[in-house]
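Descriptive analysis of the structure
Read off the chains here:
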Amino acid sequence: MIKLMKRQPFFRKPFTYTYFRAALWIIAINIVFFCFTSVMPQMKYYLSMNVYLLIGRKMFWQPVSYMFTHGSFVHLLFNMFVLYQIGTAVERAIGSKEFLIFYFVTGILSGLLSLLVYLLTGQWAVFLLGASGAIYGLLLAYAVLFPKAKLFIWGIIPVSAPLLVIVYAFIELLSGMEGSSGVAHSAHLFGILVAWLYFVIRFGVHPLKIWKESFRNR
């Protein structure tokens, strides 16, 4: 008796693999945005994401534009360094089309979820900016795709990628509970969460299972 093959759900249909260095294009756009907002600093208020401006003033471009807007050169440099080091490896592994969808889904949703927190807690004056939500999502993706890889803290201390994700998530959770100012800890956490759900829903891959199998095979 011939068994009929189950069709994959439409949301798991893979893209044709292509690689056109999308991560480098994203880095270039971030640099252009930084130069633009350095010349016209007041534009940061319109390009970053804020509860009142997005909802009250209907600036619906902010969930995307905030990802390309950074508060300082150091902020930009750190995010773009990680995007280059980790993002390019993730892009080569899953292809540029999948990479772009993953990057924008994690970045946009982590930002909107953070904005929801600000809305519910009355923090309407907070401006959310930077690619950190998507960057933390890429960090999780790297740890799932390369579970045996090691990343270096401060370029010196080697730490396994899965362990680093867990440690960062724990640090961000504690920092958010302590109410540390100036850093969007919620966006970092939501970036990891959205990326986790992306792998479960889109790829049918459970990160913990990948990490457990990798640990057993060491």
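See the structure printed just above.
Residues numbered from 1 in each chain as written. Predicted model: local features only at pLDDT ≥ 70, side-chain atom pairs only at ≥ 80, totals over all residues. Heavy atoms only, no water.

**Some details on the packing of aromatic side chains**
Here a ring pair, both rings aromatic, is described through the centre-centre distance and the interplanar angle of the planes. Counted according to the given criterion, the structure contains 14 aromatic pairs. An angle of 55° between the planes, with centres 6.3 Å apart, marks the rings of phenylalanine 34 and phenylalanine 73 as tilted. Of the two residues, phenylalanine 34 sits in helix H1 (residues 22–39) while phenylalanine 73 sits in helix H5 (residues 73–94), which places them 39 residues apart along the sequence. Here phenylalanine 68 and phenylalanine 104 contribute two aromatic rings whose centre-to-centre distance is 6.2 Å and whose plane-to-plane angle is 45°, an arrangement assigned as tilted. Taken as a pair, phenylalanine 68 in the loop between helix H4 (62–65) and H5 and phenylalanine 104 in helix H6 (residues 96–120) lie far apart in primary sequence, 36 residues in all. Members of the aromatic cluster, connected to one another through ring pairs, are Phe33, Phe68, Phe99, Tyr103 and Phe104. (Phe/Tyr/Trp six-rings, centres within 6.5 Å; stacked < 30°, edge-to-face > 60°. Helix = DSSP H or I, 4+ residues; strand = E, 2+ residues; numbered from the N terminus.)

**Notes on H1**
Note: α-helices contain 3.6 residues per turn, so residues at a spacing of three or four share the same orientation. Taking 1.5 Å per residue, 18 residues should reach 26 Å; H1 reaches 26 Å between its end C-alpha atoms and fits that length. Restricting attention to buried positions, one finds in H1 the residues Ala22, Ala23, Ile26, Ile27, Asn30, Phe34 and Thr37. One side of H1 holds all its buried residues, which, seen down the axis, span an arc of 140°. Opposite the buried face of H1, by more than 90 degrees, sit the exposed residues Trp25, Val32 and Val39. Contact partners of the buried residues in H1: helix H2 (44–47), H5 and H6. (Expected span 1.5 Å × (residues − 1). Buried < 20%, exposed > 50% of the residue type's maximum accessible area, 1.4 Å probe, protein only. Arc of directions from axis to C-beta. Contact = heavy atoms within 4.5 Å.)

**Structural notes on the nonpolar core**
Buried together is how nonpolar side chains tend to be arranged in soluble globular proteins. In this structure, Leu83, Phe99, Tyr103 and Leu138 are the most contacted members of the largest nonpolar core, which totals 48 residues. Sorting the residues of this core by element identifies H1, helix H3 (51–56), H5, H6, helix H7 (132–145), helix H8 (161–178) and helix H9 (185–203) as the ones contributing at least two each. The biggest single contributor to this core is H7, with ten residues. Sequence-distant contacts of leucine 138, that is, excluding residues within four places in its chain, are made with Leu83, Ile86, Gly87, Val90, Phe99, Phe102 and Tyr103. (Core = buried A, V, L, I, M, F, W, Y, C linked by side-chain atoms within 4.5 Å.)

**Observations concerning the packing of H7 against helix H10 (residues 207–216)**
Orientation of H7 relative to H10, taken along the N-to-C sense of each, is 45°, at an axis distance of 9 Å. With respect to H10, the axis of H7 lies oblique. Considering the relative orientation of H7 and H10, their crossing is left-handed. Contacts between H7 and H10 pair Leu140, Ala143 and Val144 from the former with Pro207, Ile210 and Trp211 from the latter. Of the residues assigned to the contact of H7 with H10, the class counts are six nonpolar, no polar and no charged. (Axes fitted to C-alpha atoms, helices over the stretch in contact; angles between N-to-C directions. Parallel < 35°, antiparallel > 145°, perpendicular 65-115°, else oblique. Left-handed = near helix turned anticlockwise from the far one by under 90°. Nonpolar A, V, L, I, M, F, W, Y, C, P; charged D, E, K, R; others polar.)

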